[in-house]
Amino acid sequence: MSLGFIITLSGVFVIAALMAMTGRGGGNFYVPLLAAGGAPTHQAATTGQCILFSTAVAASLVFQKNRTIDWKLAVIIDLPTALMALIGGYYAHLLPGGSLKLIFAGLLVIVGFLMFQAVGEQSFSRRKRFGFWQRKFGKYEYTVNLWLALPITAATGLVAGMAGISGGSFKVPLMVLACGVPMRITVGILSAMVAATALMGFIGHSAAGDFNASWVIPMSGSAVIGGLVGGAFSLNTKPESLKKIFAYTTLGAAAFMILNSCLLAGN
């Protein structure tokens, strides 16, 4: 086992722990990290999807134990995302990744700054409206605008599957800012959603012949440990602090993605 492989393995653990805290995947970090560690480009994307899945499943076990996953909302929101991620993963070879990542980076900057905004409590209307879902989960009540949520999550899944990332960076602000879902519940839901999306993307990439067990198995094991640690820390962190951590890591992800795209363009 080379020093570079060990460093990559350690990096996966740290990123997995940090991403699990905020319900994000972190694929935009994993793929360049794996590529720098020696994994071929498309194998790095495939391994990254399996890491996302492993981290999310581990974190979800922690969140489920503490009843912070609204499973009904997770299933309804994530179904179009997972299906489109499968398609995106299979057709990833058809589009250049550099341009796609630059577009993602610009959107991440906007999302990062939006998450610094304070979110007031939404009024909970008991009047039923088609396409607006009134949810009660534990002590929380919130209304989900399905007209807005479903198309955005489907589009996110398609591009995320192509780029080898989870798309959680866009789902968190969608749920918190647009749908009024509490941050604590959002983090739990996103862990389940990331797992489903990443699994579909992983299957798509693997079907295209990019699976390498010597990378997938050890990196996924490191991600599981990181996901358990990050999930535990998340439950002991205040929601406002989670929002700030999400915002800072999103801006960091945008900067990292831009740098990586520029380096690829220069080679």
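Conventions used here
- Counting restarts for each chain, with residues numbered from 1 along the sequence as it is written.
- Note on the predicted model: pLDDT of at least 70 is required for a residue's local features to be given, and 80 or more for side-chain atom pairs to be given and counted; whole-chain, interface and lining totals, by contrast, use all residues.
- The side-chain numbers reported here are obtained from all heavy atoms of the structure, hydrogens and water having been left aside.
- Only DSSP runs of H or I with at least four residues qualify as helices, and only runs of E with at least two residues qualify as strands; both kinds are numbered from the N terminus onward.
- Partly exposed residues are those whose accessible area sits between 20% and 50% of the maximum for their type, while under 20% is buried and over 50% is exposed, using a 1.4 Å probe and protein chains only.
- Residue contacts are counted whenever heavy atoms from the two residues lie within 4.5 Å of one another.
- Residue-level accessible areas treat just the shown protein chains as cover; the underlying method is Shrake-Rupley with a 1.4 Å probe.
- Pairing of aromatic rings covers Phe, Tyr and the six-membered ring of Trp, with a centre-to-centre limit of 6.5 Å; geometry is then stacked below 30 degrees between planes, edge-to-face above 60, and tilted otherwise.
- In these notes, a set of buried Ala, Val, Leu, Ile, Met, Phe, Trp, Tyr and Cys residues joined through side-chain atoms within 4.5 Å is what counts as a nonpolar core.
- We call two strands paired when DSSP finds no fewer than two bridges between them.
- Patch members must show over 30% relative accessible area and no salt bridge, and they are joined within 9 Å when carrying like charges or within 5 Å when they are nonpolar side chains of Val, Leu, Ile, Met, Phe, Trp or Tyr.
- For this document, the term salt bridge refers to a Lys or Arg side-chain nitrogen within 4 Å of an Asp or Glu carboxyl oxygen.
- Lines fitted to C-alpha atoms define the axes here, with helix axes fitted over just the stretch in contact, and angles between the N-to-C directions of these axes take values from 0 to 180 degrees.
- Left-handed describes a crossing in which the near helix is turned anticlockwise from the far one by less than a right angle; the clockwise case is right-handed.
- Polarity classes work like this: nonpolar for Ala, Val, Leu, Ile, Met, Phe, Trp, Tyr, Cys and Pro, charged for Asp, Glu, Lys and Arg, and polar for all others, with Gly in that last group.

J.: What is the right way to look at the overall build of the protein chain in this model?
T.: Counting its regular elements, the protein chain contains 10 helices and two strands. Element order for the protein chain, N to C, with α for helix and β for strand: α-α-α-α-α-β-β-α-α-α-α-α. Here the protein chain, with 267 residues, has 52% of them falling under the buried criterion. Here the contacts in the protein chain between residues at least 6 apart in sequence split such that 80% fall between residues at least 24 apart. Accessible surface for the protein chain amounts to roughly 12000 Å². Of this, 70% is attributable to carbon and sulfur atoms.

J.: Can you walk me through the environment of glycine 157 in this structure?
T.: On the secondary structure map, glycine 157 appears in helix H6 (residues 146–163). Overall, the relative accessible area of 0% leaves glycine 157 in the buried class. Separated by 75 residues in sequence, glycine 157 and alanine 82 place their C-alpha atoms 6.2 Å apart. When residues no more than four places from it in sequence are discounted, the contact partners of glycine 157 are Thr81, Met84 and Ala85.

J.: What's the story with the packing of aromatic side chains in this structure? I'm lost.
T.: For any two aromatic rings, the description comes down to two numbers: the centre-to-centre distance and the angle of the planes. One pass over the structure, following the stated rule, counts two aromatic pairs. Relative to tryptophan 215, the ring of phenylalanine 5 lies with its centre 5.1 Å away and its plane at 55°, an arrangement referred to as tilted. Taken together, the residues span a long stretch of sequence, with phenylalanine 5 in helix H1 (residues 3–22) and tryptophan 215 in helix H9 (residues 213–235) at a distance of 210 residues. The class for phenylalanine 5 is buried, based on a relative accessible area of 13%. A relative accessible area of 10% places tryptophan 215 in the buried class. Look at phenylalanine 202 and phenylalanine 211: their rings are 5.9 Å apart centre to centre, the planes differ by 65°, and that puts the pair in the edge-to-face class.

J.: What exactly am I supposed to notice about the nonpolar core here?
T.: Leu73 and Met183 are the most contacted members of the largest nonpolar core, which totals 30 residues. Broken down by element, the residue count for this core peaks at seven residues, all from helix H8 (residues 183–207).

J.: What's the story with the pairing of strand E2 (residues 140–145) in this structure? I'm lost.
T.: The side chains of a regular strand alternate, first on one face of the sheet and then on the other. Sheet topology places strand E1 (residues 132–137) next to E2; six bridges connect them, and they run antiparallel. The partner of lysine 136 across the bridge, within E2, is glutamate 141. If you look at the hairpin formed by E1 and E2, you'll find two residues sitting between the two strands, and glycine 138 has a positive phi there, around 65°.

J.: Could you clarify how one ought to interpret a nonpolar patch on the surface in this entry?
T.: On the surface, Val109, Phe113, Phe116 and Tyr248 cluster together to form a nonpolar patch covering roughly 400 Å² of accessible area. Tracing the chain through its elements places phenylalanine 113 in helix H5 (residues 97–114).

J.: When you look at the packing of helix H3 (residues 41–65) against H9 in this model, what are you seeing that I'm missing?
T.: Helices that pack against each other are described as a pair by the angle of their axes relative to one another and the distance between those axes. Relative to each other, H3 and H9 sit at 35°, their axes nearing to 7 Å. The two elements H3 and H9 cross, and the hand of that crossing is right-handed. Taken together, the residues of H9 that come into contact with H3 (itself represented by Gln43, Thr47, Cys50, Ile51, Ser54, Thr55, Ala58, Ala59, Val62 and Phe63) are Trp215, Val216, Met219, Ser220, Ala223, Val224, Gly227, Leu228, Gly231, Ala232, Ser234 and Leu235. A breakdown of the residues in the contact of H3 with H9 according to their chemical character gives 14 nonpolar, eight polar and no charged.

J.: Hey, could you run me through the environment of glycine 209 in this one?
T.: Looking at where glycine 209 falls in the secondary structure, it is placed in the loop between H8 and H9. Considered as a pair, glycine 209 and glutamine 43 are 166 residues apart in the sequence and their alpha carbons are 8.8 Å apart.

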